[in-house]
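Read off the chains here:
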Amino acid sequence: LRDLIIIGGGPGGYSAAIRGAQRGLKVTIIEQDRLGGTCLNRGCIPTKTLLHHAHLYTSFSKSKAFGEQSISVHYEKLFEAKEEVVKKVVAGIQKILAANQVEIINGKASFINPSTISVVKSDQSRGDIRGKSVVIATGARSEVDPIIRVDGERILGTEEVLNLKTLPQSLVIIGGGRRGLEFATFFNSFGSRVTLIEKEPQILPGMDHEISIRMRAILVRQGIKLLTNTVVSNVDASGNSPVLTLLGKKGIEKIKAEKVLYPGTRKAHIENLQLEKVGIRTQDGFVSINRHFETSAKGVFAVGDAIGQQLSAHHALSTGLSLVDHLTGGEVSYNTRQIPYCVYTKPEIASIGMTQEEAERNQEILVGKFPFAGAGQAQSMMEEEGIVKFVVDKKYGEILGVHILGPQATELISLASLAMKNELTIEMLGSAIFPHPSLSEAIEEAVWDIKNEAIHSLKNW
Ligand SMILES: Cc1cc2nc3c(=O)[nH]c(=O)nc-3n(C[C@H](O)[C@H](O)[C@H](O)COP(=O)(O)OP(=O)(O)OC[C@H]3O[C@@H](n4cnc5c(N)ncnc54)[C@H](O)[C@@H]3O)c2cc1C
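Right, let's walk through the structure included here. Nothing here was measured: the structure is a model prediction, and the numbers come from that model. (Residues numbered from 1 in each chain as written. Predicted model: local features only at pLDDT ≥ 70, side-chain atom pairs only at ≥ 80, totals over all residues. Heavy atoms only, no water.)

**Details of the overall build of the protein**
Of regular secondary structure, the protein possesses 13 helices and 24 strands. A globule of 461 residues ought to have a C-alpha radius of gyration of about 23 Å, and the protein, at 23 Å, matches this closely. Taken along its principal axes, the extent of the C-alpha atoms in the protein is 65 × 60 × 45 Å. A fraction of 62% describes how many contacts in the protein between residues 6 or more apart in sequence connect residues 24 or more apart. Summed over all atoms, the accessible surface of the protein reaches about 22,200 Å², with 50% contributed by carbon and sulfur. (Helix = DSSP H or I, 4+ residues; strand = E, 2+ residues; numbered from the N terminus. Rg over C-alpha atoms; globule rule 2.2 N^0.38 Å. Contact = heavy atoms within 4.5 Å. Areas by Shrake-Rupley, 256 points an atom, 1.4 Å probe, with all protein chains shown as cover.)

**Structural notes on the environment of Asn 452**
Tracing the chain through its elements places Asn 452 in the segment after α13 (441-449). Here the alpha-carbon distance between Asn 452 and Gly 368, two residues 84 residues apart in the chain, equals 7.8 Å.

**Here's the deal with the sheet that holds strand β22 (residues 365-371)**
The strand order across the open sheet formed by 5 strands is β20-β21-β24-β23-β22, and the pairing between neighbours is antiparallel. Each of the sheet's edge strands pairs with one partner strand only, and the pair in question is β20 (341-343) and β22. If you compare each strand with its neighbour and ignore which way they point, the axes differ by 10° on average. Relative to strand β23 (residues 387-393), β22 runs antiparallel, the two being bridged by 7 bridges. Directly across from Leu 366, in β23, lies its bridge partner Val 392. Relative to the sheet, α13 contacts β22, β23 and β24 (399-406), its axis offset from that of β22 by approximately 140°. (Pairing = 2+ DSSP bridges. Axes fitted to C-alpha atoms, helices over the stretch in contact; angles between N-to-C directions.)

**A few points about the side chain of Asn 41**
Here Asn 41 shows up in helix α2 (residues 37-42). For Asn 41, a relative accessible area of 10% gives the class buried. Reaching out from Asn 41, the side chain makes a polar contact with the side chain of Arg 34 at a distance of 3.2 Å. For Asn 41, the side chain forms a polar contact with the main-chain oxygen of Gly 37, separated by 2.9 Å. Not counting chain neighbours up to four residues away, the residues in contact with Asn 41 comprise Arg 34, Leu 35, Gly 36, Pro 46, Val 86 and Val 90. (Buried < 20%, exposed > 50% of the residue type's maximum accessible area, 1.4 Å probe, protein only. Polar contact = N/O pair within 3.5 Å; in protein donor to acceptor, adjacent residues only side chain to side chain.)

**Points about the site of the ligand**
Near the ligand there are 39 residues, and of these Glu 31, Thr 38, Lys 48, Asp 305 and Ala 313 occur at the shortest range. A distance of 2.6 Å separates an oxygen atom of the ligand from a polar atom in the side chain of Lys 48. Here an oxygen atom of the ligand sits 2.8 Å away from a polar atom, N or O, in the main chain of Ala 313. With the chains in place, 96% of the 1,000 Å² that the ligand exposes on its own is no longer accessible. Those elements that place two or more of their residues in the shell around the ligand are α1 (11-22), β2 (27-31), α2, α3 (44-62), β4 (108-113) and α8 (313-327). (Near = heavy atom within 4 Å.)

**Let's talk about α13**
For the α-helix, the turn length of 3.6 residues means that residues three or four positions removed from each other point alike. Burial within α13 is extensive, with 8 of its 9 residues counted as buried. Residues of α13 that are buried include every one of Glu 441, Ala 442, Ile 443, Glu 444, Glu 445, Ala 446, Val 447 and Asp 449, and no others. At its buried positions, α13 is contacted by β22, β23, β24, α11 (409-421) and α12 (426-430).

**A short note on the nonpolar core**
Counting 50 residues, the largest nonpolar core has Ile 6, Phe 111, Ile 117, Ile 136 and Ile 280 as its most contacted members. Top contributing element to this core by residue count: α1, with 5 residues. (Core = buried A, V, L, I, M, F, W, Y, C linked by side-chain atoms within 4.5 Å.)

**Things to note about the packing of aromatic side chains**
Two measures describe an aromatic ring pair: the distance that separates the ring centres and the angle between the ring planes. Scanning the entire structure with this criterion turns up 6 aromatic pairs. A centroid spacing of 6.3 Å and a plane angle of 50° characterise the contact between Tyr 75 and Phe 186, whose relative ring orientation is tilted. Placement of Tyr 75 in helix α4 (residues 75-99) and of Phe 186 in helix α6 (residues 178-189) is noted, with a sequence separation of 111 residues between them. Overall, Tyr 75 belongs to the buried group, its relative accessible area being 9%. The exposure class of Phe 186 is buried, given its relative accessible area of 2%. One aromatic cluster is present, formed by Tyr 57, Tyr 75, Phe 186, Phe 187 and Phe 190 through successive ring pairs. (Phe/Tyr/Trp six-rings, centres within 6.5 Å; stacked < 30°, edge-to-face > 60°.)

As structure tokens, this is what we get:
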């Protein structure tokens, strides 16, 4: 009898496994594919490797200091570099799990009862294992769409697009969410003609409006064609180039491209688990849990993408760790309102907590803003586009939300995460000493701006 059986070896599953083992639990992971899950194999890590090279290429091409000769990209080599990184991180997680004596079973898991799991291995042999607690950490997968059918050839999902061996000359991306924007930036950097289609009025629906609007202007300046308020009503992939029928502001329009990318809507990857056998409830395609991550079946828990909330690796990781805190007698400190949301475009976007619009609906607020153009370090990096924005409660000075569009936004947001988690007030944050020159000065200045006391700022920028 194991203490903890974890179904799925992605960030949600492996973090719970390692922390569980560190605290003396006897842990088994069942993984049907490769350890590391979506994040390491076909999500965060491969996409960020590609984007890193795209950003290097853009910076190099933009700077006048490197002379006239242009650099060219060897796409095949870039593809190999991405594969190398993936191999390295997957091997790394394998070693860490082994060092922590986590048992790994390679196979497909499903429930027999809340404490007994059936495992079918790749040679079709079957066995049952039992655990005191079972964790569903099976992640999410794209839903099949009746109109936009991913065929892996001309209409691609995020997995197929990562395996493209050549750059498409033209690409239509359906959906202006995080993944859509990241792939748009990547392909546009290397010269593909990119059109991005979003059915909502703004790209990154749900993002602070001002940040979304500013990002839109930057992407258009970079050469990406953006169509918002536009619905894809048909995709005809029968010819050489797919033809899309769009319904937008201008009425019906048809466009063509060499490839179409459809990241799609993701829902919990649970269809093979036989959840109905054990009475585990779901809602809107995700596993329902209570505040201790327990499902409607006693002793069965769920973490990561399978529970929804926010589909990100850091969410998966922190839910995995918080669950082990609960199982080993600690407090769950996880807070759904404080999960950073990150977009690895150039410039990056990172956001945490309430948007200005959300906060304004509920209370009186103050806003502090600072442009990266006012930060010497951003100037020296030639990356002065973007702003830092603080949304705070007027009465108590509590930080309600922080939104950053700018260089290294995904690093800078950790400061806001730390401040919000520990309920730091703007006075506490504003009195800390930040290094000069540094990008974090833009955070400090935005905090000072809440009281109209920013230093390196003109009044009406
Ligand atoms: C293109 C792309 C880019 C992304 N970029 C980022 C990013 O930059 N930052 C970020 O934070 N997030 C990113 N994400 C999201 C991130 O990958 C996920 O949020 C994260 O991997 C979720 O972790 P998880 O452990 O819940 O699930 P997963 O990582 O999906 O792991 C679940 C595992 O469970 C296994 N499994 C499923 N069913 C069974 C079964 N029945 N039996 C055995 N095993 C099973 C699967 O094979 C899989 O390995 C990206 C996602 C995509 C698609």
